[in-house]
Amino acid sequence: MARIVMKFGGTSMAGIERIRNVAARVKREVDAGNQVAVVVSAMAGETDRLVGFCREASSLYDAKEYDVVVSAGEQITSGLLAIALQAAGCKARSWLGWQLPINTSDAHGSARIGEIDTAALDASLADGVVAVIPGFQGVADGQRVTTLGRGGSDTSAVAMAAAMKADRCDIYTDVDGVYTTDPRIVPRARKLSKVTYEEMLELASVGAKVLQTRSVGLAMKENVRVRVLSSFEDGDTNDGHRGTLIVGEEEIDDMERQLITGIAHDKNEAKITLTQVSDRPGSVAAIFAPLADAGINVDMIVQNVAHSTGSTDVTFTVPAADLARSLDVLDKAKSAIGYATIVHDTRVAKVSVVGVGMRSHAGVASTMFTTLGERGINIQAIATSEIKVSVLIEEDYTELAVRVLHTAYGLDAEDAA
């Protein structure tokens, strides 16, 4: 007998027929003798609808009441799935975040999970009852409903798996696993049977949309084995593997390890350049401290060689959604920073290559730069980590860059259509 957490996203729960399909999948695990807890998202589009109601009611809504409203979507799907499971012959009940409880911080709209009390849940599972749990929600101070931020149901599922000491956490999505890159751009992309936590964390942070970044970080911290697989496909695939396992590096055989695991891209970037910044100690801190205070994440940073005039240009990237706020913060801090002009550009994209094999192999960055240069793709900024190299390029070249890099690193599938 295994203990499994199954998580289903919004597309999987979009309507009664799809909820019945989810119930059938859950029943198969129960019939196999497993103890099962299911974490569900709201129906596709429902959270956006509820957020719209809050904004329509008041542009300055109370964050506590916002959480009450937007958490309702998951409450509805958890109850509906419990009903569908009962109709299919399974014992099942729904558990809301406050009933377990799932204790969180009081940062409404972006709460973080503290601890989960599983005593009542464990007793229910031991009695053969499927637990259906709404994702995305918890409770602060034992009384107020909280939500974890968009995509938070992935984090809910991993947190439940850790608290329950589950054998595995299965994340069902509209894709059948993690690929070497977006197969819509590169038809010869390959599905990966296993990816390390570190690689998945980097891929999620640089644009891969398969898993929420927070959920991967939590899985790595708590050593939760995560599997990504499709809600809409049954049985083994042609390569003999269902989905992609996200696991520790020790679980990946040296024969399976590649230099580069995947390539991701992100068009939601904006480039900002401050010209003629005074070249003196503390000038860079004067730029980035107010941005940090405003909660704006800065990614790539390039500082040019100082001009003979004693000034320099500083270029960096921020999320495109934060561009207007960033410009406002920098304008207000202009006298403290001491720059001449601000230049910004949203027609940029970040392309990243990720792989733990970089630790023991030289030349990864060189291959990337050479390949892009041969195609006339100019690199505007560079950022690196131990297992990642990211470059900023003109947005129009994004798909070309992904395709040529995928080939350059030998990631193309030989038998792809």
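Calculation criteria
Residues numbered from 1 in each chain as written. Predicted model: local features only at pLDDT ≥ 70, side-chain atom pairs only at ≥ 80, totals over all residues. Heavy atoms only, no water. UniProt positions renumbered as here; feature names shortened; annotations may be inferred. Helix = DSSP H or I, 4+ residues; strand = E, 2+ residues; numbered from the N terminus. Rg over C-alpha atoms; globule rule 2.2 N^0.38 Å. Buried < 20%, exposed > 50% of the residue type's maximum accessible area, 1.4 Å probe, protein only. Contact = heavy atoms within 4.5 Å. Core = buried A, V, L, I, M, F, W, Y, C linked by side-chain atoms within 4.5 Å. Axes fitted to C-alpha atoms, helices over the stretch in contact; angles between N-to-C directions. Left-handed = near helix turned anticlockwise from the far one by under 90°. Nonpolar A, V, L, I, M, F, W, Y, C, P; charged D, E, K, R; others polar. Phe/Tyr/Trp six-rings, centres within 6.5 Å; stacked < 30°, edge-to-face > 60°. Salt bridge = Lys/Arg side-chain N within 4 Å of Asp/Glu carboxyl O.

Taking an unreviewed UniProt entry as the reference, the protein is identified by name as Aspartokinase belonging to Sphingomonas faeni. One UniProt comment on the protein, placed under Catalytic activity (unreviewed entry), says "L-aspartate + ATP = 4-phospho-L-aspartate + ADP". Per UniProt, the comment on the protein under Sequence similarities (unreviewed entry) is "Belongs to the aspartokinase family."

Caption draft 1: Inspection of the overall build of the protein at higher detail. Looking only at helices and strands, the protein features 13 helices and 18 strands. Over its C-alpha trace the protein gives a radius of gyration of 23 Å, about what one expects of a compact globule, namely 22 Å for 417 residues. Based on the C-alpha atoms only, the size of the protein along its principal axes is roughly 80 × 55 × 35 Å. Out of the 417 residues in the protein, the part that is buried amounts to 49%. The long-range fraction of contacts in the protein, counting pairs at least 24 apart against all pairs at least 6 apart in sequence, stands at 74%.

Caption draft 2: Region of the structure containing the nonpolar core. Membership of the largest hydrophobic core comes to 37 residues, with the highest contact counts inside it found for Val5, Leu121, Ile133, Met160, Cys169, Val226 and Ile246. Those elements that provide at least two residues to this core are strand 2 (35–40), helix 5 (119–126), strand 6 (130–134), helix 6 (152–164), strand 9 (168–173), helix 7 (197–205), helix 8 (213–222) and strand 11 (226–230). Element by element, the count of residues in this core is highest for helix 6, at six residues. When residues no more than four places from it in sequence are discounted, the contact partners of Met160 are Val5, Val39, Leu100, Ile102, Ile116, Leu121 and Ile133.

Caption draft 3: Examining the packing of helix 2 (residues 46–57) against helix 3 (residues 63–70) more closely. Contact geometry for helix 2 and helix 3: axes closest at 9 Å, N-to-C directions at 145°. The handedness of the crossing between helix 2 and helix 3 comes out as right-handed. Side by side, helix 2 and helix 3 meet where Leu50, Val51 and Cys54 of the first sit next to Tyr66, Val69 and Val70 of the second. When grouped by side-chain class, the residues that make up the contact of helix 2 with helix 3 number six nonpolar, no polar and no charged.

Caption draft 4: Representation of the packing of aromatic side chains within the structure. Within this structure, the stated rule accounts for three aromatic pairs. Relative to Tyr66, the ring of Tyr61 lies with its centre 5.1 Å away and its plane at 10°, an arrangement referred to as stacked. Among the residues examined, Tyr66 registers a relative accessible area of 14% and is labelled buried. Ring centres of Phe288 and Phe316 lie 5.0 Å apart, and the angle between their planes is 75°; on these two criteria the pair is classed as edge-to-face. Of this pair, Phe288 sits in helix 9 (residues 283–293) while Phe316 is found in strand 15 (residues 311–319), placing the two residues 28 residues apart along the sequence. There is no split in this pair, since Phe288 and Phe316 are both buried.

Caption draft 5: Looking closely at the pattern of salt bridges. Taken as a whole and judged by the stated rule, the model has 23 salt bridges. Salt-bridge contacts for Asp170 lead to Arg227; the nearest nitrogen and oxygen are separated by 3.0 Å. Taken as a pair, Asp170 in strand 9 and Arg227 in strand 11 lie far apart in primary sequence, 57 residues in all. Residue Asp299 is joined to Lys350 by a salt bridge in which the shortest nitrogen-to-oxygen separation is 2.6 Å. Taken as a pair, Asp299 in the loop between helix 9 and strand 14 (301–303) and Lys350 in strand 16 (residues 342–354) lie far apart in primary sequence, 51 residues in all. A relative accessible area of 30% means that Asp299 is categorised as partly exposed. Judged by its relative accessible area of 5%, Lys350 falls in the buried class. Each of Glu198, Glu249, Arg359 and Glu386 takes part in a single network of salt bridges with overlapping partners.

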